[in-house]
Amino acid sequence: MRTRRRLLTVTGIAAAALATAGLNSSAFAATTLSSGHVDVLDAEWDGSDLHLHVHDEETETEYEPADVTLAVPAAAKVANPGHGWLGSGSQIWLLPDTEAAADAAGVLFPGISAEHLTTGVFANNTISYRLLSATRNGATTEDFSVYSGSTRWYDSNTATTSFKSRNFPVGSHNHANWAFEEAGTYQLTFRVQGTVNGGTESATATYTVVVSS
């Protein structure tokens with residue numbers, strides 16, 4: 001059984017202390033996750049509303065997205081595989097789509113989950129996850145994408161309206177490569193959405209990802 005745990009983010013005096021120390025207080029949350037199997041996008045339905053959580057599969061713990069910092073260490077850097085949407089840099093920071101590769105690098109194995117939703121609630125037994133916005137160090141960024149093989153799932157490039165939304169079957173558990181082209185603090189805003197009894201239900205959350213050089 002999973003344990004729900006809501007942790008408070010740092011505010012007020014504590015945040016000011018972090019800023020004084022030269023740290024980015026906006027990127028600080030009560031919990032930092034840096035390795036292991038973590039479903040970053042994890043939707044649940046409580047009978048009347050959709051919710052988004054971060055589900056740590058290693059400890060069977062759920063967190064509110066605002067209460068978690070996802071850390072991507074320098075060890076995540078790999079050679080740029082050459083997909084056109086990954087820019088011209090020689091390296092990218094990669095959270096891989098296989099658990100063995102993630103464990104070998106000591107980085108997160110990020111999941112996108114609809115497995116905790118009940119069949120028969122959502123129209124066509126389908127939900128969608130949409131990337132609403134992505135920033136790096138406070139500015140809109142083109143440096144984030146999610147892909148599987150040579151297929152893009154998400155791309156933060158604002159020059160295209162494609163690769164912003166993807167449908168997932170209820171009950172599915174999915175993994176893909178999460179790629180970051182530059183170091184920095186990313187804020188990724190996603191929305192989960194589905195149709196229930198002819199009406200649209202959705203939930204939106206922003207995720208903080210700190211990519212270290």
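Above this note sits the structure.
Model, not experiment: these values are computed from the prediction.

J.: So, the overall build of the chain: which residues are in play, and what are the values?
T.: Secondary structure summary: the chain contains two helices and 18 strands in total. Looking at the chain as a whole, 46% of its 213 residues qualify as buried. Once local pairs closer than 6 in sequence are excluded, the contacts in the chain between residues at least 24 apart make up 66%. Accessible surface, the chain: about 9,800 Å² in total, of which carbon and sulfur atoms supply 47%.

J.: Any chance you could break down the pattern of salt bridges for me, citing the residues and the numbers?
T.: In a structure, side chains of opposite charge can pair up when their charged atoms sit close to one another. Applying the stated criterion across every chain yields a total of two salt bridges. A salt bridge links Arg-136 to Asp-143; its shortest N-O distance comes to 3.2 Å. We note a salt bridge from Asp-155 to Arg-152, for which the minimum N-O separation is 2.7 Å. Using a relative accessible area of 24% as the deciding quantity, one classes Arg-152 as partly exposed.

J.: Describe the nonpolar core, listing the residues and the values that go with them.
T.: One finds Tyr-129, Phe-144, Tyr-154, Trp-178, Phe-180 and Leu-188 to be the most contacted residues of the largest nonpolar core, which totals 47 residues. For Phe-144, the contacting residues outside a window of four places in its chain are Leu-131, Asp-155, Ser-156, Trp-178, Ala-179, Phe-180, Tyr-186, Leu-188 and Phe-190. Counting residues in each nonpolar core, the second largest holds six residues, with Trp-85, Leu-86, Ile-92 and Leu-94 among its members.

J.: A description of the environment of Ala-114 should follow, citing residues and the corresponding values.
T.: Note that Ala-114 resides in the loop between β9 (108–113) and β10 (126–136). Remark: the alpha-carbon pair of Ala-114 and Ser-172, spanning 58 residues in sequence, is separated by 5.2 Å. When near neighbours in sequence (up to four residues on either side) are disregarded, Ala-114 contacts Ile-127, Pro-169, Val-170, Gly-171 and Ser-172.

J.: Report on the packing of aromatic side chains, specifying residues and quantitative values.
T.: Per the counting criterion, the structure on display carries 10 aromatic pairs. With a centroid separation of 6.3 Å and 45° between ring planes, the pair formed by Trp-178 and Phe-190 is classed as tilted. Note that Trp-178 is positioned in strand β16 (residues 177–180) and Phe-190 in strand β17 (residues 184–196), a separation of 12 residues in sequence. For Trp-178, a relative accessible area of 3% gives the class buried. Joined through ring pairs, the aromatic side chains of Phe-144, Tyr-154, Trp-178, Phe-180, Tyr-186, Phe-190 and Tyr-207 make up one cluster.

J.: Can you lay out the pairing of strand β13 (residues 151–155) for me, pointing to particular residues and giving the numbers?
T.: Bridge count for strand β12 (residues 144–148) against β13 is four bridges, and the pairing is antiparallel. By the bridge assignment for β13, Ser-145 is matched with Asp-155. Hairpin geometry of β12 and β13 is characterised by an intervening segment of two residues between the two adjacent antiparallel strands and by a positive phi of about 60° at Gly-149.

Thresholds, definitions, all that
Residues numbered from 1 in each chain as written. Predicted model: local features only at pLDDT ≥ 70, side-chain atom pairs only at ≥ 80, totals over all residues. Heavy atoms only, no water. Helix = DSSP H or I, 4+ residues; strand = E, 2+ residues; numbered from the N terminus. Buried < 20%, exposed > 50% of the residue type's maximum accessible area, 1.4 Å probe, protein only. Contact = heavy atoms within 4.5 Å. Areas by Shrake-Rupley, 256 points an atom, 1.4 Å probe, with all protein chains shown as cover. Salt bridge = Lys/Arg side-chain N within 4 Å of Asp/Glu carboxyl O. Core = buried A, V, L, I, M, F, W, Y, C linked by side-chain atoms within 4.5 Å. Phe/Tyr/Trp six-rings, centres within 6.5 Å; stacked < 30°, edge-to-face > 60°. Pairing = 2+ DSSP bridges.

Treat this as a map of the structure, not an account of what it does.
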